[in-house]
Amino acid sequence: MEFKTTVIQASIQGDKEEGIPNQDYIEIFENDECLIAAVSDGLGSSKNSLEGAIIACKSVIDEIQKIKLSSDLFILDKGIKEKWAKEVESKSNITSDFRTTNSFIVVFKRDKKIIVGQLGDVLVSLRIDGLFRYVESTSKDFSNETECLGSNRDEKFKLTLFEFGHSFDFLIATDGIGDELLTEKIEALHDYFKNKFQNIEASKRNDALKKDIEEFVNEKNNDDKSLVFIWTNKI
Amino acid sequence: MDSLNDFLIQKPRPLPVIIAVDRSGSMGTNGKIDALNIALKDFINSIKDEDSNKAEIHIALFSFGGESATCDIPLAPISQINTQTYQAQGRTPMGGVFNLLKGLIEDKSQIPSRSYKPTIVLLTDGIPTDDFLSPMNELINDGRSSKAFRIAMAIGDDADKNMLLKFVSSPEYLVLGDSARDIRKFFRFVTMSVTQRMKSQTPDIQQIPQMPDDDTLDF
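Residues numbered from 1 in each chain as written. Chains lettered and ligands numbered in written order. Predicted model: local features only at pLDDT ≥ 70, side-chain atom pairs only at ≥ 80, totals over all residues.

Re the overall build of chain A
Regarding its fold elements, chain A presents 5 helices and 10 strands. In terms of overall dimensions, chain A has C-alpha extents of about 50 × 45 × 30 Å along its principal axes. Taken over 235 residues, chain A has a buried fraction of 43%. In chain A, the share of contacts with a sequence separation of at least 24, taken over all contacts with a separation of at least 6, comes to 73%. (Helix = DSSP H or I, 4+ residues; strand = E, 2+ residues; numbered from the N terminus. Buried ≥ 20, exposed ≤ 12 C-beta atoms within 10 Å, placed from the backbone. Contact = placed C-beta atoms within 7 Å.)

Describing the overall build of chain B
Helix and strand content of chain B: 5 helices and 6 strands. Listed N to C, the secondary structure of chain B is β-α-β-β-α-β-α-β-α-β-α in terms of helices and strands. Taken over C-alpha atoms, the radius of gyration comes to 17 Å for chain B, in line with the 17 Å a tight globule of 219 residues would show. Sorting the 219 residues of chain B into buried and exposed places 47% on the buried side. Contacts in chain B between residues at least 24 apart in sequence constitute 73% of all its contacts with a sequence separation of at least 6. (Rg over C-alpha atoms; globule rule 2.2 N^0.38 Å.)

Details of helix α2 (residues 74-89) of chain A
Residue and element names in this part refer to chain A. Compared with an ideal rise of 1.5 Å per residue, which puts 16 residues at 22 Å, α2 spans 22 Å between its outermost C-alpha atoms and is within 8% of the ideal. Regarding α2, the residues found buried are Leu76, Ile80, Lys81, Trp84 and Val88. Burial along α2 is one-sided: seen end-on, the buried residues are contained in an arc of 125°. For α2, exposure combined with an orientation more than 90 degrees from the buried face picks out Phe74, Glu82, Lys86 and Glu89. Of the surrounding elements, those touching the buried residues of α2 are α1 (49-66) and β8 (158-163). (Expected span 1.5 Å × (residues − 1). Arc of directions from axis to C-beta.)

Thoughts on the pairing of strand β10 (residues 225-233) of chain A
The side chains of a regular strand alternate, first on one face of the sheet and then on the other. Residues and elements named next belong to chain A. Burial of β10 is extensive: 7 of the 9 residues sit out of reach of the surface. Where strand β9 (residues 168-173) meets β10, 5 bridges bridge the pair, whose relative direction is antiparallel. Directly across from Ile172, in β10, lies its bridge partner Val228. (Pairing = 2+ DSSP bridges.)

A closer look at the packing of α1 of chain A against α2 of chain A
Residue and element names in this part refer to chain A. Running from N to C, α1 and α2 point in directions that differ by 135°, and their axes come no closer than 9 Å. Taken together, the axes of α1 and α2 lie oblique to each other. Taken as a pair, α1 and α2 cross one another with a handedness that is right-handed. Residues Gly52, Ile55, Ala56, Ser59, Val60, Asp62, Glu63 and Lys66 of α1 touch α2, and the partners they reach there are Leu76, Gly79, Ile80, Lys83, Trp84, Glu87 and Val88. (Axes fitted to C-alpha atoms, helices over the stretch in contact; angles between N-to-C directions. Parallel < 35°, antiparallel > 145°, perpendicular 65-115°, else oblique. Left-handed = near helix turned anticlockwise from the far one by under 90°.)

Section: the interface of chain B and chain A
Facing 20 residues of chain B, the contacting portion of chain A comprises 24 residues. Considering only residue class, the side of chain B that touches chain A consists of 6 nonpolar, 7 polar and 7 charged. (Nonpolar A, V, L, I, M, F, W, Y, C, P; charged D, E, K, R; others polar.)

What about the sheet that holds strand β3 (residues 34-42) of chain A?
Residue and element names in this part refer to chain A. The strand order β2-β3-β4-β5-β8 describes an open sheet built from 5 strands, whose pairing is antiparallel. Two strands close off the open sheet at either side, each with one partner strand: β2 (24-30) and β8. If you compare each strand with its neighbour and ignore which way they point, the axes differ by 10° on average. The sheet contact formed by strand β5 (residues 113-119) and β8 spans 6 bridges and is antiparallel. Paired with Ile115 across the strands is Leu161, a residue of β8. Against the sheet, α1 touches β2, β3 and β4 (100-108), its axis set at about 160° to β3.

A word on unusual backbone geometry
All names here are of chain A. With a phi close to 55°, Lys112 is a non-glycine residue in the positive phi region. Inspection of the secondary structure puts Lys112 in the loop between β4 and β5. By the C-beta count within 10 Å, which is 16 here, Lys112 ends up partly exposed. Backbone geometry at Asn152 places phi at a positive 65°, although glycine is not the residue there. Mapped onto the elements, Asn152 comes out in the loop between β7 (131-135) and β8.

Comments concerning the environment of Gly103 of chain B
Residue position: Gly103 of chain B is located in helix α2 (residues 94-106). As for Gly103 of chain B and Leu139 of chain B, which are separated by 36 residues in sequence, their C-alpha atoms are 9.1 Å apart.

Considering the environment of Asn48 of chain A
All names here are of chain A. Tracing the chain through its elements places Asn48 in the loop between β3 and α1. For Asn48, a count of 21 C-beta atoms within 10 Å corresponds to the buried category. Spatially, the C-alpha atom of Asn48 lies 27 Å from that of Phe74, the residues being 26 residues apart in sequence.

Considerations on helix α1 (residues 32-48) of chain B
Residue and element names in this part refer to chain B. Compared with an ideal rise of 1.5 Å per residue, which puts 17 residues at 24 Å, α1 spans 24 Å between its outermost C-alpha atoms and is within 8% of the ideal. Of the residues making up α1, those classed as buried are Lys32, Ile33, Ala35, Leu36, Ala39, Leu40, Phe43 and Ile44. End-on view of α1: buried residues confined to an arc of 160°, all on one side of the axis.

Brief notes about the sheet that holds strand β6 (residues 174-177) of chain B
All names here are of chain B. Strand order in the open sheet formed by 6 strands is β3-β2-β1-β4-β5-β6, with mixed pairing between adjacent strands. The sheet terminates laterally at β3 (68-77) and β6, the two strands that pair on one side only. Averaged over all pairs of adjacent strands, the angle between their axes in this sheet comes to 15°, without regard to strand direction. Relative to strand β4 (residues 119-124), strand β1 (residues 13-22) runs parallel, the two sharing 5 bridges. Opposite Ile19, over in β4, you have Val121 as the bridge partner.

This is the structure in C-alpha cells:
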C-alpha cells in the first residue's frame, strides 16, 4: 500500500552564553526504501557537541541503509557507535568533547516495519495503527543528565522493532521540550499537531511550529529545543 | 486543546535545597542556637523574594539533636515554607539525619528527575554521637544522592572537620566558623550560592560565591 507522510520540524536555541551555538541537530532522510528522522542533542558541557550531534545523525542514516531487517538489532547499535567514534576520532582524540544524545525512527516502507532507537533523554512517542506507545527516556536522576555517545561508558541504544499496517505518527523531542511535557497528554499532543498543522500551508508549517515552541516553551528552561513530528496522510 | 501550552507542565523545574542543622546541647552555648534560628529565618525570607520562570526553589529542613534526627519541614516550594525555631538539647545523631536525607533524595515522587540537582546544606558544631560513617558513605557515594551538591559549616573547635571534609562536594564547600556570628554569614553564603544557581544559564553547575564580608551583615 502506498502512503505519504508529512514532516514538521523546528529547532530553537536556548538562552546561553554568547558564542555557544544551538547544539541540537535534526536530520530527515527519505528514499523509496525508508524514511529516517534522527534527532541529536549535543551536551552543553562538551565544546564540540554540535559537531558530535551532526555526526550522530549522519551515522544513523548511513548505518540504517546497510542493515538487513533480518539482522539482530544489536548490529545497528554497534554500527552506529563505531561509525560515530571513527568520524569523531578523525577530528580529535578527545571524544568527550563531542558528546551527544541521539534518537531516531526509521520507517521501512516496503516491509512496513519501524525501528525506534534511543540513546539518552530525547523523548520518543509513536502511534502505530491507532495504538499509542511512549518510549520512556533512558532513566536519569536529574534534569540535564543523560546517557550519550562519547561518555566512554559504552552506553547502548534502546532499539525496538515494530510492524505497521496502515498508519503511524511519531514525535521526537529533545529534553528542552520533552522534560516540560505532561506525560499523560502526549498522545493528545499528537492529535494537536496533526489537526493544527494539516491545515497550515506546507511551506509555512515549520515556521508555525517554531513560533509555537518560542511562544510556549522557551521560557521554561535554558536548553536548546528541537522537535520532529511525522504522520501518515490518508490517500 | 488550543495551544502547545495545554500540554506543558506549568511549574518551573524544582531546585531542591535540603538543610540539615545541629540542635544538640552544645548549640545552646555562646548564642549559637539563637543565631541559627535568626539565620534560617533570614535565609528563607531572602530567597522567597527570588523569582524565576525556569527554576523554583524547594526547601526541606531536617535537624539532629536530642536522641534522634527529624524532618521538620518536608520538601515544598519556598513560597509555602514557614521558619522553624529550635531549642538546643541532647546528643548529635548525625548518622540519623544522613539516612533521612538519603531517603528523600532517592524518592522520585518527591524529587522528580525533572528537578535540578539538589543542594544539601549541613551545619554542625560537634562530633556525631551515632553510627554516622555508613549512612554518610551511602549518602555521598551511592545512587542518586551522590550527585547532590554538598555544603557544610563547622562551628568551633569541637566540630569534626575531617569528617566534614569528606562530606562536602569539594573542600571549598566546607566553611569554618568560630562564633555564632559566622552562622549568619554562612547562610548568606548559601543564599548567594542558591540564587546564583537559580539565575544561571547552567543551574546544574554549582558556582562558589565569595564569602560575604562581615561589614555587609545587617545585625
